[in-house]
Amino acid sequence: MRKLIAGLAATLMASAAPALAQTTIIHADGIVTDADKPLQGRVTVTVTDGRIVSVEEGWTGTPDGAEMIHLEGKTLVPGLIDLHTHLSGDPSGEFWRAATTPSEWNVLVAAKNARITALAGFTTVRDVGSRTDQVMQMLGRATAEGMLPGPRVVTSARTIAIVGGHGDINGFRREVNDSLGTSFACTGPVECAEKVRLASKYGADLIKITATGGVLSQQGRGLEAHFSDEEMRSIVTTAESLGLKVAAHAHGARGIEAAARAGVHTIEHGTYLDEAAAKAMRENGTTLVPTLMAFEGIKGNLGKGFYTPVVEEKIRAVSEYASTIVERARRWGVKVAFGTDAGVFPHGQNAGEFALMRSNGMSNREALASATTGAAAIIGMENEIGRIAPGYSADIIAVEGNPLEDVTVLENVDWVMARGRVIE
């Protein structure tokens, strides 16, 4: 009995003792610590328990018990941030699959796409509209705890829409629409406020609304404003009272303008942005997330029977405007942050957005900042991610070349660490 008691005591003492710190030493031939700073030469980055402890010039030695990662010929860059993804879905014109696919399938799709996205260098994503209740909240928990490889997930979960609008189930017979409905469609300021609270109740990190019609839904009422001014103001004030920001899907200029006046924090897409809408965005501190890759992806499927006729018509309408969205925003002084709409095109190709931003007039440095420091500020994590600096989360990628001179090198990421864990 004494031996048993002694054994139990030893076990309890061992379990109560603090775990030994896990330290990783990273050597590389170059580093961009911050998009606003120049490329530096050989460097040693020390990571302990998922956080950056130090960034030192040259290659230092490896302490006893630490792991060494030697990335000769590579440049370290802060982990990238995509502000507009849909991890629980893959590209498909088959809208009817919503009525035939079990929700469990979307969970598996999200897990697959999380790893693909991280391997592409994106260590944080803002997922704005999932196909299954709470799938993204659970995926975010799984990647945070190291159960699954993937990025940090900030999610709106479901999308708040007008009844029958983009974001509400449509395209089926009435009884099918009703059975598939998300319960996140609303009419009037009071009901819309209730939906914000419902989203918050079920773990949303931000609120996503569809302020205008959309391109890929079967809803064919055009791409202009959906919510009334009173409804959007109610959504924004309710969200802010709960400490949440609001992202607004918006194509039409007047819908963009109305959403900005209501105080939304980001406009997603911004297709028909004009000077009046840009003025409202500027005056209200609203940032544009242009999702240029989405427009490229959907154009590539035109004329192939991939989309229904109502969707094809909308794609053709937006295509001629999409190539100048960022150019117009910059001309009128609107801030731009990085987001792709991955899921509309294949996951893992997110970094293709950089070349499109550059072709719209952004410099290499501006494009990199939009996906690091700029994007981090949008989600309120500017002191946590977006830089390689002591105290920050160890979200680090390695590439060949200098993204400050050619941002497209980020299309080929050789190594990824997310929150101190190497993604393989």
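Residues numbered from 1 in each chain as written. Predicted model: local features only at pLDDT ≥ 70, side-chain atom pairs only at ≥ 80, totals over all residues. Heavy atoms only, no water.

The protein is annotated in an unreviewed UniProt entry as Amidohydrolase family protein of Qipengyuania xiapuensis.

> Please provide a residue-by-residue account of the overall build of the protein, values included.
Helix and strand content of the protein: 14 helices and 16 strands. The C-alpha atoms of the protein give a radius of gyration of 23 Å, which matches the 22 Å a tight globule of 424 residues would have. The principal-axis extents of the C-alpha atoms in the protein amount to approximately 70 × 60 × 45 Å. For the protein, contacts bridging at least 24 residues in sequence account for 69% of all contacts bridging at least 6. Split by element, the accessible area of the protein, about 18,200 Å² in all, is 52% carbon and sulfur. Computed over 40 positive and 49 negative side-chain charges, the inter-centroid distance for the protein is 4 Å. (Helix = DSSP H or I, 4+ residues; strand = E, 2+ residues; numbered from the N terminus. Rg over C-alpha atoms; globule rule 2.2 N^0.38 Å. Contact = heavy atoms within 4.5 Å. Areas by Shrake-Rupley, 256 points an atom, 1.4 Å probe, with all protein chains shown as cover. Lys, Arg positive; Asp, Glu negative; His and termini not counted. Charge placed at Lys NZ, Arg CZ, Asp CG, Glu CD.)

> Report on the sheet that holds strand β12 (residues 266–269), specifying residues and quantitative values.
Pairing in this open sheet of four strands is parallel, and the strands run β10-β11-β12-β13 from one edge to the other. Every interior strand has two partners, whereas the edge strands, β10 (207–210) and β13 (287–289), have only one. With direction set aside, neighbouring strand axes in the sheet form an average angle of 25 degrees. Pairing of strand β11 (residues 246–250) with β12 involves four bridges; the strand directions are parallel. Each bridged residue has a counterpart across the sheet, and for Ala248 the counterpart in β12 is Ile267. (Pairing = 2+ DSSP bridges. Axes fitted to C-alpha atoms, helices over the stretch in contact; angles between N-to-C directions.)

> I'd like a rundown of the sheet that holds strand β6 (residues 122–127), residues and numbers included.
Pairing is parallel across the open sheet formed by three strands, whose spatial order is β5-β6-β7. The sheet is open, and its two edges are formed by β5 (80–85) and β7 (152–155), each paired on a single side. Going from strand to strand, the sheet's axes swing by 20 degrees on average, the running direction of each strand aside.

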